[in-house]
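If you want the building blocks of each chain, they are given just below.
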Amino acid sequence: MKSRKALPTLETPRLRLRQIQIADIADLFAIFSDPQTMRYWSHAPFVDMAEAEAYLRNIDAGRINGTHLQWGIALREDDRVIGTTTLFSLNPRHRRAEIGYALASAHWRRGIGREALTTVLRHAFDALDYLRIEADVDPRNTASCRLLETLGFRQEGLMRERWHVQGEIQDSAIYGLLAREFFVPA
């Protein structure tokens, strides 16, 4: 797979989607240690800074190896990372990828997730020339399901008892979006 050593910075009026740096470790830890943010994830919240450091190494390795592209979502006003969005399981041959995202709970319900995902989807469909993006969401996460549907994703299936996290069994709603179906909501 083609190596992607540089992650392009993507900007919107409010956000800067950029490469996550070692200086962002405390912010990364704050996001992924928050039980509210991690409620519907496929792994438990971080409990120590070493997990955030290992996560950053994984992010860097994925970018270098071309297996995934993960942006820090930063507010332009202070450039602090308040979330992430990722294109992973990159498959240039079949022109598809999966998308993931997490936003610190203090920033929910402000349209930031929609703004960040819209920007990354544009990049995936335009710059990377992908035709299909998929998402795996816990169906109980109604806000995330609504966000995907607002962007044109369609639920294509349900995988029962897919994840086992902290003694809880979670299902996965599988969503798909074709480039020709992508639209930017008003």
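Heads up: the structure comes first, above all this text.
Now for a description of the structure that goes with this document. Treat the numbers as computed from the prediction; the structure is a model and nothing was measured.

Calculation notes
- Along every chain, residues carry numbers that run from 1 in the direction the sequence is written.
- It should be noted that, the model being predicted, local features are given only for residues of pLDDT at least 70 and side-chain atom pairs only at 80 or more, the latter also being counted only at that level, while totals for whole chains, interfaces and linings use all residues.
- Based on all heavy atoms of the structure, the side-chain values leave hydrogens and waters out of the count.
- Here, strands pair whenever DSSP counts at least two bridges between them.
- Helix numbering and strand numbering both begin at the N terminus, where a helix is a DSSP run of H or I of at least 4 residues and a strand a DSSP run of E of at least 2.
- The criterion is simple. A nonpolar core is a set of buried Ala, Val, Leu, Ile, Met, Phe, Trp, Tyr and Cys residues joined through side-chain atoms within 4.5 Å.
- Note on classification: 1.4 Å probe, protein chains only; a residue is buried when its accessible area is under 20% of the maximum for its type, exposed when over 50%, partly exposed between these limits.
- Any pair of residues with heavy atoms lying within 4.5 Å of one another is described as a contacting pair.

Some words on the pairing of strand E7 (residues 154–165)
Phase 1: Where E7 meets strand E8 (residues 168–178), eight bridges bridge the pair, whose relative direction is antiparallel. The residue bridging Leu 158 from the neighbouring strand is Ala 173, located in E8.
Phase 2: Connecting E7 to the next strand, E8, in antiparallel fashion are two residues, including Gln 166 with a positive phi near 50°.

Let's talk about the nonpolar core
Phase 1: Leu 87, Ile 99, Leu 121, Ile 133 and Phe 153 are the most contacted members of the largest nonpolar core, which totals 36 residues.
Phase 2: Those elements that provide at least two residues to this core are strand E2 (15–18), strand E3 (68–75), strand E4 (81–91), strand E5 (96–103), helix H3 (112–127), strand E6 (132–137), helix H4 (142–150) and E8.
Phase 3: The element best represented in this core is H3, accounting for seven residues.
Phase 4: Those residues within four positions of Ile 99 in sequence are excluded, and the remaining contacts are Thr 85, Thr 86, Leu 87, Phe 88, Leu 117, Val 120, Leu 121, Ile 133, Glu 134, Ala 135 and Phe 153.
Phase 5: Counting residues in hydrophobic clusters, the runner-up holds 15 residues, among them Ile 31, Ala 52, Tyr 55 and Ala 102.

Overview of unusual backbone geometry
Phase 1: Positive phi values are uncommon outside glycine, yet Arg 95 reaches one of about 55°.
Phase 2: Note that Arg 95 resides in the loop between E4 and E5.
Phase 3: Taking the relative accessible area as the measure of exposure, Arg 95 reaches 29% and is therefore partly exposed.
Phase 4: Even without being glycine, Arg 109 reaches a positive phi, approximately 60°.
Phase 5: Tracing the backbone shows Arg 109 in the loop between E5 and H3.

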